[in-house]
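What follows is the residue order along each chain.
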Amino acid sequence: MSRTATVSSTSRRHLLLGAAGALGAGVVGALGVSGTAAAVTSSATGGRDAAANGTVYIAGDSTAQTYSSGYYPQAGWGQKLSSYFTSDITVTNRAIGGRSSRSFIEQGRLAAIHDVIEPGDYLFVQFGHNDATVGNAERYTPPADYKEYLRNDYIRATRALGATPVVVTPVSRRSYNASTGKFNVSFPAYVDAAKAVAQEEAAALVDLSAASRAYLDGVGVEASKGIFLWLNAGQYPNFPDGVQDDTHFQERGAVEMARLVSRAVAGLGLPLSGEVVPTATR
């Protein structure tokens, strides 16, 4: 029987948040000094010092999701992430297209992760793209609400189950500013909200927004087409008419974004950091 079988979703959320509040108070106190994020995992897992045989769950949108062969070469960074961790780590990618921080919860997708996540596991959470779609009532989530969903549902409720949340800022789109010669910050209000709540909750943060922009600035605007889903007509059977997509990645882009995520994780000081393979940090 699942852990939520005898508890209503409302009651379960109140239970988790109550436990998370108590845990969070102790965690914040333990993390008054920068660079001690590892204390979160140690405290939440009863002193566990290694990430051996742990699982990384990913909650996110289409930029992170796993695509079937029928979409090749489209890929999400989450489906490539396992290549950058040792075999002791399992990556379970629950990211799915078209979801915002709010709709992922409302559809029971976060609860499904919380049903199976174990002490010592990790939850990587990246939203923002769909939260920002003002014209779509199912997806749109104002930045202030997005911040509170991250705080209460993704960070505190995950900690209450003994697992470690990792906040990931929304990956950059192919939005280039010719006047500056740099790529623009995509969804800046959501990037700022994610960074703020991670700091307030002393949660681990992967600033994929900054890392992906720095990477794109390095390759340049034309070469970035090979990162995103820019395909010529007839180039791939799954996209016979070609496509010019500035949001989603083709396989090379997904690989590079996964490398950036894992490189950031290597510097977080978490038990998981020691499970990043050396090729990710080059």
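Below: a short report on this structure.

This part is about the overall build of the protein. The helix and strand inventory of the protein stands at nine helices and 10 strands. Residue pairs at least 24 apart in sequence account for 73% of intrachain contacts in the protein once pairs closer than 6 positions are excluded. Of the roughly 11,700 Å² that the protein leaves accessible, carbon and sulfur atoms contribute 51%.

This part takes up the environment of V191. You can see V191 is positioned in helix α7 (residues 188-200). Sequence separation between V191 and F127 is 64 residues; the distance between their C-alpha atoms is 9.4 Å. In contact with V191, other than residues within four places in its own chain, are T169, P170, V185, S186 and S209.

Another aspect to go through is the pairing of strand β10 (residues 243-250). Pairing of strand β2 (residues 74-75) with β10 involves two bridges; the strand directions are antiparallel. Note on β10: the bridge partner recorded for A75 is F249. Examined bridge by bridge, strand β9 (residues 228-231) and β10 share four bridges and lie antiparallel to one another. When the sheet's bridge partners are listed, F228 is paired in β10 with F249.

Looking now at the nonpolar core. Ranked by internal contacts, the top residues of the largest apolar core, which has 36 residues, are V56, I58, W77, L81, F124 and V265. At the level of secondary structure, the elements contributing two or more residues to this core comprise β1 (55-60), β4 (122-126), β5 (164-168), β8 (204-206), α8 (208-219) and α9 (251-266). Among the nonpolar cores identified, the runner-up in size contains 23 residues, and I113, L123, Y154 and I155 belong to it.

One can find Q74 in strand β2. Side chain to side chain, Q74 and Y67 meet in a polar contact 3.2 Å long. Excluding its chain neighbours within four sequence positions, the residues that come into contact with Q74 are Y67, Q79, L229, F239, H248, F249 and Q250.

So, on to the side chain of T141. Relative to the assigned elements, T141 resides in the loop between β4 and α6 (143-160). Under the relative-accessibility criterion, T141 is labelled buried at 1%. In terms of polar contacts, T141 uses its side chain to reach the side chain of S100, at 3.5 Å. With near-sequence residues (within four places) excluded, T141 lies in contact with S100, S101, R102, D131, Y146, Y149 and Y190.

A word on the sheet that holds β1. Read across the sheet, five strands follow the order β3-β1-β4-β5-β8 without closing on themselves; strand pairing throughout is parallel. The sheet is open, and its two borders are formed by β3 (90-93) and β8, each paired with just one other strand. Neighbour to neighbour, the strand axes of the sheet diverge by 25° on average, direction disregarded. In this sheet, β5 lies alongside β4 in parallel orientation, the contact comprising four bridges. Following the sheet pairing, V125 is matched in β5 by V167. Contacts between helix α5 (residues 109-116) and the sheet are confined to β1 and β4, with β1 contributing the most and set at about 170° to the helix.

Strand order in this open sheet of three strands is β2-β10-β9, and the pairing throughout is antiparallel. Both edges of this open sheet fall to β2 and β9, since each of them pairs with a single strand only. Running over the sheet, α9 touches β2 and β10 and is turned about 35° from β10.

Residues spaced three or four apart along an α-helix face the same direction, because each turn holds 3.6 residues. For α8, which comprises 12 residues, the first-to-last C-alpha distance of 16 Å matches the rise-based estimate of 16 Å (1.5 Å per residue) to within 8%. Of the residues making up α8, those classed as buried are L208, S209, S212, R213, Y215 and L216. Along the axis of α8, the buried residues cluster in a sector spanning 160°; they form a single face. Exposed residues lying more than 90 degrees from the buried face of α8 are A214 and G218. Looking one or two residues past α8, G220 carries a phi angle of roughly 95°, positive in sign.

Turning our attention to the pairing of β1. Along any regular strand, the residues point their side chains to alternate faces of the sheet. The buried fraction of β1 amounts to six of the six residues, a majority that puts the element mostly inside the structure. Along β1, one buried face is formed by T55, Y57 and A59 and the opposite face, lined by V56, I58 and G60, is buried too. Across four bridges, β1 lies against β3 in parallel orientation. Its bridge partner lying in β3, T55 is registered against T90.

The residue F85 is located in the loop between α3 (77-80) and β3 in this model. With a relative accessible area of 5%, F85 lands in the buried category. Measuring from C-alpha to C-alpha, the distance between F85 and L272 comes to 8.8 Å, with 187 residues separating the pair along the chain. Every residue in contact with F85, bar those within four places of it in the chain, is listed here: V91, V265, L272, E275, V276 and V277.

Rules and cut-offs
- Residues numbered from 1 in each chain as written.
- Predicted model: local features only at pLDDT ≥ 70, side-chain atom pairs only at ≥ 80, totals over all residues.
- Heavy atoms only, no water.
- Helix = DSSP H or I, 4+ residues; strand = E, 2+ residues; numbered from the N terminus.
- Contact = heavy atoms within 4.5 Å.
- Areas by Shrake-Rupley, 256 points an atom, 1.4 Å probe, with all protein chains shown as cover.
- Pairing = 2+ DSSP bridges.
- Core = buried A, V, L, I, M, F, W, Y, C linked by side-chain atoms within 4.5 Å.
- Buried < 20%, exposed > 50% of the residue type's maximum accessible area, 1.4 Å probe, protein only.
- Polar contact = N/O pair within 3.5 Å; in protein donor to acceptor, adjacent residues only side chain to side chain.
- Axes fitted to C-alpha atoms, helices over the stretch in contact; angles between N-to-C directions.
- Expected span 1.5 Å × (residues − 1).
- Arc of directions from axis to C-beta.

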